[in-house]
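# Remarks on the overall topology
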Amino acid sequence: MSAIKSVTGRRVWDSRGNPTVEVDVVLENGVLGRAIAPAGASRGTREAMDLRDGGPALQGSGVGKAVSNVNGPIAAALLGQDIRDQAEIDATLLQLDPSKLKDKLGGNAMVATSLATLHAAALNAQKPLWRHVADHYARAPSLPLPEIQIFGGGAHAGRRVDIQDFMIMVPGASSFDEVMEVTNEVYFAAGDIMAQRGDLAGVADEGGWWPLFRSNEEALETLVAAIEKAGEKPGDRVVISLDVAASEFGTDGSYTLALEDRKLSSGDLIDLLGGWLDAYPIVSIEDPLGEDDTAGMIEFTRQFGDRVQIIGDDYVVTNAALVQQAAQDNACNCALIKVNQAGTVTEAVEAFTAAQNAGWTAVVSARSGETEDVSISHLSTGLGSGQLKVGSFQRSERMVKWNECLRIQDDLGANAFVGGKPLARTWWGKNR
Ligand code: 2PG
Ligand code: MG
């Protein structure tokens, strides 16, 4: 009864209006699992590649081939498979496309299929997805600590500023609910400050305020002002988290801050960011150096790894082998986990496990192109990943994921919230 009866792909549209792939997996007993592939804008070169049609239509971003791959080879190969065996299902997908970047079937076709099977397996087991994930992977579920964007930037805001994500975390909150409340206050305080300056100009791709700043650092100053305006003492209940996404503005150890017309060496960028770590209550920093700048990442981690969380996103692209290598090199101390970077659920869980084995923290993350799909709220909770990054506090493709966590909280109980625990080894945790 738990055999796969059909797999159907269709074209749907993401939060940026781009086409993407949705997959329905139906079992012999009528159970239907559904998932949608997200899409990144600041992508790592080593992550699974979405298959796009190219050509003049839809700016080349069509997913006709990817959808055909779901309805053709993928559906044929998965027919009759046991939904309870996620590893076998994902191994089948990998057999169909053994290429390194998954550009034959398409990362978009694969991830939507893999997540849809996970949903079907949970429904088949009559469990909420988070519970199924926790049981299947033998993890203790917990509600994650959110990272929430206040200002967008980089590739998500027409490169108006160079740094990509200016975020807050509320590790001092005692419940997920409280994080949402505090975030609302800080988000709108930031909007008020921008409005007072005449700099309120809508939102960036993930719902953070559009970054009309004269320098990258002005965004940080404004974020601190917003935290204060919301009645909080920066560094106390509320702290700052950055995604530098440095691969977007530098290669070969040479970086250009376009907004400030400044060229920086790897060492200069480390010094600049180090200055920010001294001056602002930053507790976490993602991709501080480029994905090809191993020496820079190692040096950054040597200098600051004992006081801040250093997240590898483009640097490790949800790949277990790259996480292991980075752990050996001491090139970061936290992995961003994006299922579509890996291509399948199994590989994403392997990368998460590699991070745990290395003694790292981990953050389950959305992409800048998202949809109503809430899989990551469940994955983050079910795996007990500790942290969840979804984007900002506006636009439904973001809010749907925070709201899903609130529903999970009702099931799991408010004291399942991890609070500041994932930041125990940062200056914030050490000062508690
Ligand atoms: C990132 C993500 C999400 P994108 O860099 O962490 O913010 O961006 O999906 O564009 O890669
Ligand atoms: Mg990133």
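Keep in mind that what you see is a predicted model, and the values were worked out from it rather than measured.

Here is what the cut-offs are and how they apply
- Residues numbered from 1 in each chain as written.
- Chains lettered and ligands numbered in written order.
- Predicted model: local features only at pLDDT ≥ 70, side-chain atom pairs only at ≥ 80, totals over all residues.
- Heavy atoms only, no water.
- Helix = DSSP H or I, 4+ residues; strand = E, 2+ residues; numbered from the N terminus.
- Buried < 20%, exposed > 50% of the residue type's maximum accessible area, 1.4 Å probe, protein only.
- Donors = N, O, S within 2.8 Å, 3.2 Å for Na, K, Ca; no water.
- Pairing = 2+ DSSP bridges.
- Axes fitted to C-alpha atoms, helices over the stretch in contact; angles between N-to-C directions.
- Contact = heavy atoms within 4.5 Å.
- Domains from an automatic or database assignment.
- Buried area = accessible area lost by both parts, 1.4 Å probe.
- Salt bridge = Lys/Arg side-chain N within 4 Å of Asp/Glu carboxyl O.
- Polar contact = N/O pair within 3.5 Å; in protein donor to acceptor, adjacent residues only side chain to side chain.

### Observations regarding unusual backbone geometry
Unlike most non-glycine residues, Q126 shows phi in positive territory, near 55°. Mapping Q126 onto the fold places it in the loop between α3 (107-124) and α4 (129-136). Positive phi values are uncommon outside glycine, yet R159 reaches one of about 55°. Looking at R159, the relative accessible area reads 46%, which means it is partly exposed.

### Points about the coordination of the magnesium ion (ligand 2)
The protein atoms that coordinate the magnesium ion (ligand 2) are D243 (OD), E286 (OE) and D313 (OD), at distances of 2.1 to 2.2 Å. Spacing between the donor residues of the magnesium ion (ligand 2) along their common chain follows D-x42-E-x26-D. Here E286, found in strand β10 (residues 282-286), pairs with D313, found in the loop between β11 (309-312) and α9 (320-329); they are 27 residues apart in sequence, far enough to count as distant. The pair formed by E286 and D313 is uniform in burial state, with each residue classed as buried.

### Quick notes on the sheet that holds strand β3 (residues 32-36)
Pairing is antiparallel across the open sheet formed by three strands, whose spatial order is β1-β2-β3. In this open sheet, the two strands that pair with only one neighbour each are β1 (4-13) and β3. For this sheet the average axis-to-axis angle between neighbouring strands, irrespective of direction, equals 15°. Summarising the sheet, strand β2 (residues 19-27) and β3 pair through five bridges and their orientation is antiparallel. Counted as the bridge partner of V23 is A35 from β3. The strands that helix α1 (residues 64-78) touches are β1 and β2; relative to β1, the one it contacts most, it runs at about 170°.

### Brief notes about the domain arrangement of the protein chain
Under the domain assignment used here, the protein chain contains domain 1 (4-126) and domain 2 (145-431). Between the C-alpha centres of domain 1 and domain 2 there is a distance of 27 Å. With both sides pooled, the region where domain 1 packs onto domain 2 buries about 2600 Å², and carbon together with sulfur makes up 51% of that total. Its largest share of buried area at the contact with domain 2, domain 1 owes to S15, S42 and R46, together 25% of the area lost on that side. Where domain 1 meets domain 2, there are three salt bridges. Between R367 and E47 there is a salt bridge whose closest N-O contact spans 2.9 Å. Taken together, the connections running from domain 1 to domain 2 amount to 22 residue pairs in polar contact (both at pLDDT 80 or more). Those elements giving two or more residues to the side of domain 1 that touches domain 2 turn out to be β3, α2 (86-96) and α3. Take the side of domain 1 that touches domain 2: its biggest share by element is six residues, from α3.

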